[in-house]
Every structure is written in structure tokens, then in C-alpha cells.
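In case you want the letters, here they are:
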Amino acid sequence: MWELISANRRKSFFLFVIMGSCLILLGYFIGAAYAPRGGGFIGIGIAFFIWMILSVISYFSGDSILLAVSGARPVTPDVHQQLFNVVDEMKIAAGLPAMPKVYIIDSPAPNAFATGRKPENCAIAVTAGLLTRLNRDELQGVVAHETSHIMNRDIQFMTFAGVMLGSIVLISQIFVRSLWFSGGGSRYRGRSKDSGQGAAIFMIIAIAFAILAPIFAQLLYLAISRRREYLADASAARLTRYPEGLASALEKIAKSPEKLEGANDATAGLYIINPLQKNRADLSAWTSTHPPIAERIAILRALSQGASLVDYQNAFNKIKGKKDAVIPDSGLKDATPVPLRGAGAAAEKGAGAQKRELGDLMRAVNGFLFLTCACGLKIKVPPDFKKESIACPRCGRENKIPSAELATLAGVGAIISKDIPGMAPSGAPSTYKRKGTGWETFNCTCGRPVQLSPQFQGKEITCPSCGRKTLIQS
Amino acid sequence: MVTLVVVLAVIFIIIFYLIGLFNSLVRLRNQVKNAWSQIDVQLKRRHDLIPNLVETAKGYVKHERGTLEAITEARSRAMGAGSVGDKAKAEGALTDAISKFFVVVENYPDLKANQNFLALQEELTSTENKIAFSRQAYNDQVLYFNNRIQMFPSNMIAGMFGFQQSEFFELEDKAERQAPKVDFN
């Protein structure tokens with residue numbers, strides 16, 4: 001994997017040079033247009049200053065801004081165990097130094113993105129719609145794609161490119177708008193007196209540059225973005241060794257009619273499928289952040305021999321009908337075959353079950369509490385519910401709200417820190433003797449209240465917070 | 001005098017080089033150990049999950065006693081295995097037993113609707129995957145370490161200080177072997 005990271009570094013340096021010179025020239029010409037003597041260098045200074053401010057903001061709070069804009073919420077493993085398991089698996093497969101933080105976006109539209117400036121400190125966000133629609137293999141494919149972005153340092157790279165692009169666009173916009181409002185006639189008269197021909201020439205060059213530079217930078221940015229998507233697909237296939245999972249996930253995401261509200265032009269490129277261009281298949285390939293979905297699926301499905309990066313490059317050549325190095329040369333050196341594996345047990349959920357699960361998941365993300373009444377009905381209690389008990393809407397039985405959940409409700413939004421599964425503290429488990437058959441609550445040794453439901457039949461219960469086991473005697 | 005200094009300098013360089021070689025071997029051996037402990041965590045987790053699985057399923061699959069017993073037996077054999085090679089074989093047998101059971105489960109809709117069972121199945125599947133992924137990492141480390149032990153000049157140091165080759169962790173992965181090779185060209 002290191003070879004891909006270093007290829008990425010070299011490319012980012014190249015990008016830095018091209019986009020940076022764009023920025024410097026833009027600053028120079030705009031400065032010179034206003035004051036031909038020495039103004040160019042002041043212009044460069046101002047351009048550099050704007051770039052630096054944007055860089056600092058995006059470096060220190062880019063990921064939290066992004067997560068906030070998309071409406072992602074941090075969740076605990078009890079909301080969706082499978083998602084946490086899959087992320088943990090991909091962490092092991094990719095050899096990441098730490099488990100990425102997991103977020104769920106409260107939206108029925110299936111999509112996902114990853115963020116964070118370092119692999120040690122990154123996050124993966126998926127929508128509730130994605131979780132309900134995909135089976136385990138497909139979810140693994142999507143998470144593997146996002147993990148690949150983290151592993152290949154794509155996020156750093158794209159943030160960096162995005163800031164460069166942003167500065168160029170911002171400076172051009174300010175300049176073009178200032179021309180619009182200052183009124184052409186008086187400016188040309190004023191300038192022609194003190195600086196003559198020079199300023200007029202610089203003005204023309206500056207206007208041309210201010211119009212062309214953002215377009216050029218944008219195309220460059222998009223070309224890089226598309227390439228990184230191919231590379232992430234290839235790495236995902238190699239990590240999971242099951243390209244069909246990602247292929248059918250992409251197919252399902254592309255087919256879904258819902259719109260993702262939290263996405264806009266600035267964040268669209270970060271998702272696994274561009275949420276704004278999803279239904280515009282005819283869109284010109286030059287102006288999109290992602291390669292056409294049909295093509296990505298076809299390449300993944302053409303991986304019949306193995307899942308190595310070399311196999312992906314071969315499949316790419318076959319589908320596109322032309323040779324285009326989509327994988328950096330350094331990634332193709334490693335010719336170790338990566339055998340494919342078979343599909344896992346995949347149960348397709350019915351439409352009704354999907355809808356129900358989606359509703360439950362979105363409520364769980366929003367801090368709802370679920371109680372199972374003795375009559376079998378699942379009661380959904382909103383987070384702002386203050387009373388001690390609630391009447392079952394079906395049988396009318398009063399259900400006490402366990403204090404464990406009240407404690408959780410008090411801190412909605414607070415993240416309950418949980419140890420990594422499998423690393424639960426050892427030691428002899430404590431015991432708890434049941435008083436009756438209804439809802440009961442007792443305190444775990446770590447202090448967290450644990451609730452027992454009327455249906456609980458087991459011999460022991462695991463604390464959701466610290467992972468300690470408590471033996472239950474009835 | 002000059003020759004003495006040169007000879008001493010050469011000797012020092014050689015000594016420092018040998019120390020460097022020794023240290024790199026120690027580092028590699030520790031990396032192998034670390035990679036192994038990553039697998040071990042997952043294997044232990046699987047051993048912990050199986051009693052729960054058997055307990056949950058017992059009431060539902062009365063006619064499949066044999067399948068459940070096979071799992072329990074394979075588990076105790078895996079827990080008793082000593083060397084890496086033995087362990088790999090025993091864990092492979094356990095993987096087979098579990099996957100056989102999950103095929104059988106398809107005939108028991110009641111069991112498949114049990115929330116406890118579903119959660120256990122998810123945990124086991126995930127542990128199974130984690131074992132596979134950490135096995136890849138472990139085998140990569142072992143390959144690198146063994147290469148260093150066999151190759152000149154680090155093989156001399158390895159022989160002198162008794163560095164032993166590590167064993168690969170090869171599960172009998174049926175799905176892997178049976179992956180069909182299809183070529184439409």
C-alpha cells in the first residue's frame with residue numbers, strides 16, 4: 001500500500017506546482033491591472049494570504065465542518081452492530097492504525113463518505129438508507145471503498161486540491177465582481193492618465209485569466225478526483241477480494257430515487273456516488289467528479305481472474321477499450337495474485353422490512369428509545385419524552401421507562417465511549433438476581449445502568465458501555 | 001599508525017553493521033509476534049462466541065444434534081492445539097463446522113427469526129472475516145521474516161543467535177481453492 005501513498009505524494013507535488021502557478025499568475029495580473037508598478041507582487045501576496053487562511057481552516061476543522069453540513073451523527077455500536085463490525089474488518093484488512101469513527105447520516109438516500117486528515121483520526125459516514133438497503137457483502141464493499149480513500153491518503157490530497165481550487169475561484173470571483181460594480185468608463189479614464197497603455201494590457205490579461213483559470217483548475221481537479229475514484233474501487237476489490245459486493249452496491253445506490261439533502265456542490269465529490277449527478281447519465285465525462293457509474297460497475301464485474309490492482313488495470317483496459325494508466329505504475333509492480341472469495345450468506349430484505357428498519361434506524365440515530373411491550377409491540381419513545389412510564393398503544397399496558405435509558409436520554413448526542421469489541425475487561429463476572437419478570441434495571445460494576453427486558457431468557461448480559469458480563473439468576 | 005586507525009575503523013563499522021542486523025531481526029520477530037497476537041484475539045473471541053451459539057440454537061434444532069456437537073468438539077480441539085500449524089488445522093476444521101451449521105440453519109425459520117441468534121451470527125461472520133484479514137497480515141510478516149533469516153548476510157546472525165523461522169498460518173480455505181477461474185477471452 002505504501003507504493004500508492006508515495007505515488008500520491010509525487011502527484012500532489014505536481015498538482016501543487018501547476019495550481020500554485022495558476023494562483024500566483026492570477027494574483028500577479030490582477031495586482032498589475034490596478035497598479036502596474038509593483039502592484040503585481042502585492043497581488044501575489046494577497047492571493048497567498050487568502051490561500052493560507054483557507055488552508056488553515058480546512059486543515060483544522062474541515063472534517064468537522066463537513067460532518068456537520070452533511071448532518072452526520074456519531075453513533076455507538078448498539079445502533080448498528082454490523083456497520084461497526086464491517087468497519088473494524090476493513091481497518092484490519094487495510095492495516096489502519098486506529099478504528100475510524102463511525103457516523104450515520106439521517107437520510108433515506110443511500111450514500112457514504114470518509115473524512116479526516118490523518119488515518120489515525122478519520123471518520124466514515126454512511127446514510128441510514130444505505131444501511132437498510134444493502135446486504136453485508138455490499139456494505140463491506142462500500143466501507144472498503146471509503147477505507148481505501150483513507151488508506152491511500154486521498155482525503156488529504158483532495159482537500160489540498162480543493163483549497164487550491166477554492167482560492168483560485170474566490171480570487172477570480174472577487175476581481176470579476178469588482179469590475180462589474182466599479183463601472184468601466186471612469187476606471188479606464190482614470191488609469192490612462194497616470195499609467196498609460198500598460199494598465200490596459202494588464203487589465204485585459206487579468207480579465208482573461210480570471211475567467212480561464214478557475215475553469216482550468218476545475219477541470220484539473222475533476223480529472224484527479226475521477227482517477228482517485230477508480231483507484232479506491234480497485235483497492236476496495238483488493239481489500240474485500242469480492243468485487244461483486246461493491247458493484248451491486250453501486251448499482252443499488254444508483255437506482256435509488258431519493259435525494260440526499262445534506263449534499264451541495266462543494267461536498268458532492270466526496271461521496272461514493274455523486275449525489276447531485278446521480279440521475280444525469282448523459283452528463284459530459286469531463287465535468288463530473290466521478291467516473292460514470294455504469295462503467296465502474298462494468299469494470300468491477302470484469303474482475304473474474306482475481307482482485308489485485310493489476311487485474312483491475314486489465315479490466316479497465318478491456319471495458320474502456322483503451323490503455324490509460326488508472327493505477328500508478330508503482331502499484332502494478334506487485335503481481336502477487338489476490339484470489340477472489342465467494343459470496344457471504346446474503347438475505348435480501350423485503351420492501352416492508354426495509355422501510356421498518358429505516359424508520360427504526362433513523363429514530364435510533366436521533367436518540368429514540370425502543371421498548372418491547374409484553375404484548376410484543378415495539379414502542380418508540382421520542383428523546384424528549386419526560387414521563388416515567390408510557391402506555392402501550394395496542395394493549396394499554398403501562399411500560400416503565402428504564403432508568404438506564406433515561407440516563408442515555410439525558411445525554412442524547414453524547415458519545416458513550418466503548419472499548420473495542422474483544423478487548424472487554426476480564427475478571428470474574430458479578431451476579432444479579434432477578435426480582436420478577438417485568439422490566440428491571442441494575443447497575444453494572446462500571447456504574448452504567450443495564451436494563452433487562454421481560455423477554456430476557458439468557459444467563460448473562462453484557463454491559464453496553466464497558467463490555468463486562470453479569471450473570472443473571474432468576 | 002595510519003593502518004592501525006584504518007583497521008580499527010573498519011572493525012568498528014563491521015561491528016555496528018552486525019548490531020544493526022541483529023536489531024532488525026529482533027524487530028521483525030516482534031512484528032511477527034504482534035501480528036500473531038492480532039489473530040489470537042480473534043480466535044479467542046470465536047471460542048467465546050460458540051457456547052452462546054450452541055446454547056441459543058439447541059432448543060430450535062433438535063434434529064441436528066450432530067452438527068452442534070461437531071462444532072463443540074472442533075472448538076475444544078482448537079483450544080487445545082499448541083503449535084501454529086496444529087492450531088491452523090484445528091481452526092480450519094472449526095470454520096468448516098460453523099459454516100456447515102449455518103447452511104443447516106436455513107431450514108429453521110424460527111431460529112433465523114431469533115434476534116439473539118441473528119446477533120450471534122453477525123458476530124461470528126465478522127470474527128471469521130477478521131481472522132481471514134489478520135491472517136493475511138501475519139503471513140506477510142512471516143514471509144518477510146523468514147526471507148531475512150535465510151538470506152545472506154543476516155542468515156549468519158540468525159544462526160549465531162538462534163533465530164528460528166516462523167510458521168505460516170494456512171487455513172484450509174475451501175472457498176478460496178474452489179474459486180472458479182473463468183476467462184471469456
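This is a predicted model, so every value here is computed, not measured. (Residues numbered from 1 in each chain as written. Chains lettered and ligands numbered in written order. Predicted model: local features only at pLDDT ≥ 70, side-chain atom pairs only at ≥ 80, totals over all residues. Heavy atoms only, no water.)

A. Local environment of the overall build of chain B. Regarding its fold elements, chain B presents seven helices and zero strands. When its helices and strands are written in sequence order, chain B yields α-α-α-α-α-α-α. When each of the 185 residues of chain B is scored for burial, the buried share is 38%. As displayed, chain B has an accessible area near 11100 Å², and 59% of this comes from carbon and sulfur atoms. (Helix = DSSP H or I, 4+ residues; strand = E, 2+ residues; numbered from the N terminus. Buried < 20%, exposed > 50% of the residue type's maximum accessible area, 1.4 Å probe, protein only. Areas by Shrake-Rupley, 256 points an atom, 1.4 Å probe, with all protein chains shown as cover.)

B. Structural detail: the pattern of salt bridges. If you walk through the whole model with that rule in mind, you get 16 salt bridges over all chains. Between E122(B) and R136(A) there is a salt bridge; the shortest N-O distance is 2.9 Å. Of this pair, E122(B) sits in helix α5 (residues 115–150) while R136(A) sits in helix α5 (residues 136–151), placing the two residues on different chains. Looking at E122(B), the relative accessible area reads 11%, which means it is buried. On the accessibility criterion, R136(A) (11% relative accessible area) is buried. Here E251(A) and R301(A) are joined by a salt bridge, their closest N and O atoms 3.3 Å apart. Of this pair, E251(A) sits in helix α9 (residues 243–255) while R301(A) sits in helix α10 (residues 293–301); the two residues are 50 residues apart in sequence, bridging distant segments of the chain. (Salt bridge = Lys/Arg side-chain N within 4 Å of Asp/Glu carboxyl O.)

C. The arrangement of the packing of helix α3 (residues 84–105) of chain B against α5(B) in detail. Residues and elements named next belong to chain B. One way to put it is that α3 packs onto α5 with a least axis distance of 12 Å and a crossing angle of 145°. The interaxial crossing formed by α3 with α5 has left-handed handedness. Between α3 and α5, the residues in contact are V84, T95, I98, F101, F102 and V105 and F117, Q121, L124, E128 and Y138, respectively. Of the residues assigned to the contact of α3 with α5, the class counts are eight nonpolar, two polar and one charged. (Axes fitted to C-alpha atoms, helices over the stretch in contact; angles between N-to-C directions. Left-handed = near helix turned anticlockwise from the far one by under 90°. Contact = heavy atoms within 4.5 Å. Nonpolar A, V, L, I, M, F, W, Y, C, P; charged D, E, K, R; others polar.)

D. Representation of the sheet that holds strand β9 (residues 430–433) of chain A. Residues and elements named next belong to chain A. Strands sit in the order β9-β13-β12 across an open sheet of three strands; the sheet is mixed. Edge positions in the sheet fall to β9 and β12 (460–462), since each has one partner strand and no second. Across this sheet, the average inter-strand angle for adjacent strands is 30°, counted without regard to direction. Note that β9 and strand β13 (residues 469–473) share four bridges and pair parallel. Across the sheet, residue T431 finds its bridge partner in β13, namely L471. (Pairing = 2+ DSSP bridges.)

E. Spotlight on helix α2 (residues 39–70) of chain A. Residues and elements named next belong to chain A. Taking the largest bend as the criterion, α2 deviates by roughly 70°, centred on S61. Taken together, the buried positions of α2 are occupied by G39, G40, G43, A47, I50, W51, L66, L67 and S70. At the C-terminal side of α2, G71 shows a positive phi close to 80°. (Bend = angle between axes of the 7 residues up to and from the residue.)

F. Local environment of the sheet that holds strand β4 (residues 121–127) of chain A. All names here are of chain A. In spatial order, the strands read β1-β2-β4-β3; together these four strands make up an open sheet with mixed pairing. Each of the sheet's edge strands pairs with one partner strand only, and the pair in question is β1 (72–74) and β3 (112–118). Across the sheet, the mean angle from the axis of one strand to that of its neighbour is 25°, orientation sign disregarded. As paired strands, β3 and β4 are joined by five bridges and run antiparallel to one another. The residue bridging T115 from the neighbouring strand is A123, located in β4.

G. Broad picture of the confidence of the model for chain A. Residues and elements named next belong to chain A. Within chain A, residue pLDDT values average 77, and 79% of them lie at 70 or more. Note on residues 184–193: pLDDT is under 50 here. Beyond four places in sequence and across chains, it has eight contacts. With pLDDT under 50 throughout, residues 409–426 is counted as low confidence; its partners more than four residues away or in other chains account for 25 contacts. (pLDDT = per-residue confidence, 0-100.)

H. Examining the packing of aromatic side chains more closely. According to the stated counting rule, one finds 17 aromatic pairs over all chains in the structure shown. When the ring of F29(A) is compared with that of F209(A), the centres are 5.5 Å apart and the planes differ by 55°; the resulting orientation is tilted. Of the two residues, F29(A) is situated in helix α1 (residues 2–34) and F209(A) in helix α8 (residues 197–240); the sequence distance between them amounts to 180 residues. The class of F209(A) is partly exposed, set by a relative accessible area of 21%. Ring geometry for F101(B) and F117(B): centres 6.4 Å apart, planes at 80°, overall edge-to-face. A residue pair is termed long-range when its members are at least 10 positions apart, and F101(B) in helix α3 and F117(B) in helix α5 qualify at 16 residues. Taken as a pair, F101(B) and F117(B) share a single burial class, namely buried. (Phe/Tyr/Trp six-rings, centres within 6.5 Å; stacked < 30°, edge-to-face > 60°.)

I. Summary view of unusual backbone geometry. Here the amide bond leading from F152(B) into P153(B) is cis, since omega sits at 5°, within 30 degrees of zero. As for its position among the elements, P153(B) is in the loop between α5 and α6 (154–160). Residue R241(A) is not a glycine yet carries a positive backbone phi of 55°. You can see R241(A) is positioned in the loop between α8 and α9.

J. Here's a closer look at the packing of α10(A) against helix α11 (residues 309–320) of chain A. All names here are of chain A. Interhelical geometry of α10 versus α11 gives an angle of 125° and a closest axis separation of 8 Å. Accordingly, the angle class assigned to the pair α10 and α11 is oblique. Judged by the sense of rotation from one axis to the other, the crossing of α10 with α11 is right-handed. On α11, the residues touching E295, A298, I299 and L300 of α10 are Y312, A315, F316, I319 and K320. For the contact of α10 with α11, the residue count by class is seven nonpolar, no polar and two charged. (Parallel < 35°, antiparallel > 145°, perpendicular 65-115°, else oblique.)

K. How the structure looks around the side chain of E146(A). Residue and element names in this part refer to chain A. Relative to the assigned elements, E146 resides in helix α5. Among buried charged residues, E146 stands out as having no salt bridge; its nearest opposite-charge side chain is R296, 7.2 Å away. Beyond its immediate sequence surroundings of up to four residues, E146 is in contact with A112, F113, A114, I124 and I272. (Lys, Arg positive; Asp, Glu negative; His and termini not counted.)

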